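# Examination of the molecular architecture
These are the residues of each chain, in order.
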Amino acid sequence: ELEYFDFDFRSTMEDAIDSIIMAASSKGIQLICAIHPTIPRSCRGDANRLKQVVLNLLSNAIKFTQSGEVEVCAELESETATHHVLKISVRDTGIGIPQ
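Let us look at the structure shown here. No experiment lies behind these values; they were computed from the predicted model shown.

In this section: the pattern of salt bridges. Per the stated rule, a full pass over the model turns up four salt bridges. Between Arg 44 and Asp 6 there is a salt bridge, and its shortest N-O distance comes to 3.1 Å. Of the two residues, Arg 44 is situated in strand S3 (residues 42-45) and Asp 6 in strand S1 (residues 5-8); the sequence distance between them amounts to 38 residues. Taking the relative accessible area as the measure of exposure, Asp 6 reaches 52% and is therefore exposed. In this structure, Arg 91 and Glu 69 form a salt bridge, with 2.6 Å as the shortest nitrogen-oxygen distance. Taken together, the residues span a long stretch of sequence, with Arg 91 in strand S5 (residues 84-92) and Glu 69 in strand S4 (residues 68-79) at a distance of 22 residues. Look at Arg 91 and you get partly exposed, because its relative accessible area is 37%.

How each quantity is defined
- Each residue is numbered by its place in its chain's sequence as written, counting from 1.
- In keeping with the model being predicted, local features are shown solely for residues with a pLDDT of at least 70 and side-chain atom pairs are shown and tallied solely at 80 or more, while totals for entire chains, interfaces and linings include all residues.
- To get the side-chain values, take all heavy atoms of the structure and skip hydrogens and water.
- Basic side-chain nitrogens of Lys or Arg form a salt bridge, by our definition, when they fall within 4 Å of a carboxyl oxygen of Asp or Glu.
- Put simply, DSSP marks the helices as runs of H or I at least four residues long and the strands as runs of E at least two long, and each gets a number from the N terminus on.
- Exposed residues in this analysis have more than 50% of their type's maximum accessible area, buried residues have under 20%, and partly exposed residues fall in between, with area computed by a 1.4 Å probe over protein chains only.

See below:
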């Protein structure tokens, strides 16, 4: 069940990064967080679930990356008068998934 409350998007993303940065650092992997400036600071949604999903994606990226970098990027995909749709992606220099 998702919760809906106001939260600081940037702080939530920074918390996720702070939780995993040591794992990346111990492997010599650069961890990059790019939050597009059009994303509003205050969002309404489930901050804990967002953090959990981002941490999961970053953990997997770090696990399969031997060197280089892992980047999480957040962009504003669309907006209306009452809603914002955000796109969060993770990119890495790891081995990838075979086709």
